[in-house]
Structures are given as C-alpha cells and as structure tokens.
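Analysis of the macromolecular model
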Amino acid sequence: MKHFILVAVLVAILTVLVGFGLDTIGLMPELASLQGVFIDQLFRMHIWVISFLFALIIGFMLYSIIVFRRKEGEQGDGDHFEGHAGLEIAWTIVPLGIVMYFAFLGSTALAETRRADPNAYNITVTGQQWSWRFDYTDYGFSSDELRLPADRQTLLMLTSTDVIHSFWVPEFRVKQDALPGEGMERELRITPTELGRYKVRCAELCGTQHAYMLADVFVVEPEEFDEWAEEQLKGVSDDPVERGEVWFGQFGCTACHSIDGSDKVGPTWMGLYGKEEILADGATLIVDDAYLFESIREPQAKIVEGFETVIMPPTGASMSDQQIQDVIEFIKSLGE
Ligand SMILES: [Cu+2]
C-alpha cells in the first residue's frame, strides 16, 4: 500500500509538471477565430490526458526501476502473478469511458465549428497549382488575397481546378480540403476575432511548388473592409495591359511564369510574343495572338519543348475571352 501511495504522488507531480510544461511552451500559434476556441479547448484537454498517461507509465516505471531493482546477492525469481480480473476490468472500462467521453467532446466541438450564421457572407476559394483565388461572390469581384471583416462569419466554398489542395490558416485552426470537380465543393466557416495579417497555406502535397502555395489573409475592421470592397468594385482599369497584369496575379499564372526572362516551372513571358517557339513534337511556330489564346484556353493543345513534365492547369477554361485577351496584351507589353 505504501508503494501505491508513493507512486500516486509521483504520478500526480509528473502529470502537473508535464501538463503545465506542454501547456506553456506555445505549441499553438495565436488564436484568431471563434471556431478555434472549441479546437483549443479540446486540444488543452488532450494535453492533460496525454500528460497523465505519460506520467502513469513513466511514474510506475521509474519507481519500479529504482525501488524494486535487484538487491545485492539476490538470486531468486520474482513473485509469480496469475493475473487480476478486477484490474483488467478496470483498465478496460476506464479508458473506454474516457475515449467515449472524448468522442462526445470531439463531435460537439465539430458541430460548434460548423454552426451556421445566416448573415455569413460568401467567398468562393479556388485552389490551383500553386496559388489561391478568392471570388467575393456577394460583391462580384475577385482577388488573390483574402480580406475578412472581423467578428463576422464568412462561409468559404472551397474548390480546385486541378488536384486536391487544402485550405489552412493555422491561427483560425480549422482546415478543409479543396477538391477538383463539379459538385465537390466543401464548406468552411470562419469568424475572425483578431485583427491582423495571416497566411493561407496549402496543407495537401500538390506538386513541386506546394510549399510556396501561400496567400495573404487580412482581418480588418468592417468599415475598412467595405472601403476595400468598394475600391475593388470600381473595376480594375481601362488599360488592357494593366488588367492583364492583374489577371496574371489573380489567376495564379505567377506561380509558374516569370516576366523577367528567368524560366520558372513554365516558360518566361518576357520576349515571348513574336518569338519562334519549338514544340515538344519538334514543330515550330511563331508566337501570335491565336497561339497564346489557345495556350491559355487549352493548355494541353500544344506543349513547349523542355516543359513536358509539368502540366499547366486548365485555369484558362474559366477565364472570359476578354480576360485572356488582356493577358495577351500584357504578354505583348513584355517585349518581342
Ligand atoms: Cu496545394
């Protein structure tokens, strides 16, 4: 009995030490959303259960190693045990109860993160290799940055043009996949609570530039958001070249095409117009409007030599003819 009391004290001390340790070393980044509150509560409880289990095993082990080590001159075998039904029943029932309790907590937390606010405003998030685009469907404009008013719920509809991506802002805690295909949209609700600047990162390995698939997230005061939205709504510009440059960023062409002459994953756009292009099948052609249009609308129609291994995503299929023409004007402006 004396041993059990001592071990119990040891386990309690270890639990508190490990628990406080894990709780204070900052395992989580700053919390910036309402949905995250429930995740963090759950996380904290897990930390304490983990600390207790760790202490239980390590406590008994340390105690046994020290107190019950073989004394000098001791040669016999240890005592023989036949098992202990009561103990076995207890260590089956108790963990089962704990696991079921956590399943209950987990499902309530999940339900809380999905609680819908009828006033939520809508943004469609499109993941593509390797960028994000945000369509503010309630307003009718798009952006390559995610700007959210504080303390109001946003309903994100996630989709992808090519492979599976995953939308993740660690400070918001919640995460959801962006799947390609008609009818495969996934929902994610976020109510930002802290003003500031964050980053969306892709949390699903999606190709060579996956690690750089980032976008800025700004949580701003509602008035500031309205001002920004109004500015976006004024339209981009009357100048097709300027518009083309905006589409270049917004539709994520920047991930693979440079405008400074250096080849990224795809060929550079500098000096592209009017140049003689060699295709993968050995044919050559002079880059003109028709070829550029086709390359954007139907990227697989003609493949440039030396770039066979990367597949350009079919983003152009969802661009208007005007937008594609703007991009072509932008390419022309980069020199022949
Ligand atoms: Cu991705």
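Our structure is the block above this text.
This text gives an overview of the structure that appears in the document. (Residues numbered from 1 in each chain as written. Predicted model: local features only at pLDDT ≥ 70, side-chain atom pairs only at ≥ 80, totals over all residues.)

Brief notes about the sheet that holds strand E8 (residues 186–190)
- Across the sheet, 5 strands lie side by side as E3-E2-E1-E5-E8; this open sheet has mixed pairing. Looking along the sheet, the strands with just one partner apiece sit at the ends: strand E3 (141–143) and E8. For this sheet, the mean angle separating the axes of adjacent strands, direction not counted, is 25°. (Pairing = 2+ DSSP bridges. Helix = DSSP H or I, 4+ residues; strand = E, 2+ residues; numbered from the N terminus. Axes fitted to C-alpha atoms, helices over the stretch in contact; angles between N-to-C directions.)

Some thoughts on helix H2 (residues 34–67)
- Compared with an ideal rise of 1.5 Å per residue, which puts 34 residues at 50 Å, H2 spans 49 Å between its outermost C-alpha atoms and is within 8% of the ideal.
- Turning to H2, its buried residues number three or more, namely Leu-34, Gln-35, Gly-36, Phe-38, Ile-39, Ser-51, Ala-55 and Gly-59.
- The inward-facing, buried residues of H2 abut helix H1 (2–24), helix H3 (85–113) and E8. (Expected span 1.5 Å × (residues − 1). Buried ≥ 20, exposed ≤ 12 C-beta atoms within 10 Å, placed from the backbone. Contact = placed C-beta atoms within 7 Å.)

Some remarks on the packing of H1 against H2
- Taken N-terminus to C-terminus, the directions of H1 and H2 make an angle of 140°; their axes are 7 Å apart at the nearest point. Between H1 and H2, the crossing angle belongs to the class labelled oblique. Crossing hand, H1 versus H2: right-handed. Taken together, the residues of H2 that come into contact with H1 (itself represented by Leu-6, Val-7, Leu-10, Val-11, Leu-14, Thr-15, Val-18, Gly-19, Leu-22 and Asp-23) are Arg-44, Ile-47, Trp-48, Ser-51, Phe-52, Phe-54, Ala-55, Leu-56, Ile-58, Gly-59, Phe-60 and Tyr-63.
- Among the residues making up the contact of H1 with H2, the classes are represented as 16 nonpolar, 4 polar and 2 charged. (Parallel < 35°, antiparallel > 145°, perpendicular 65-115°, else oblique. Left-handed = near helix turned anticlockwise from the far one by under 90°. Nonpolar A, V, L, I, M, F, W, Y, C, P; charged D, E, K, R; others polar.)

Examining the sheet that holds strand E9 (residues 196–202)
- Taken together, 5 strands build an open sheet; the order of strands is E4-E10-E9-E6-E7 and the sheet is mixed. Two strands in the sheet have a free side with no partner beyond their single neighbour: strand E4 (146–149) and strand E7 (175–178). Along the sheet, successive strands turn relative to each other by an average axial angle of 25°, direction set aside.
- Of the pairings in the sheet, the one linking E9 to strand E10 (residues 214–220) comprises 6 bridges and is antiparallel in character. Bridge assignment links Lys-199 to a residue of E10, and that residue is Asp-216.
- Those strands touched by helix H4 (residues 222–233) are E4 and E10, and its axis lies near 135° from that of E4.

Let's talk about the pairing of strand E6 (residues 165–168)
- Both E6 and E7 contribute to a ladder of 4 bridges, which runs antiparallel. Opposite Phe-167, over in E7, you have Gln-176 as the bridge partner.
- Between E6 and E7, which follow one another and run antiparallel, lie 6 residues, and Arg-173 among them has a positive phi close to 70°.
- Note that E6 and E9 share 2 bridges and pair antiparallel.

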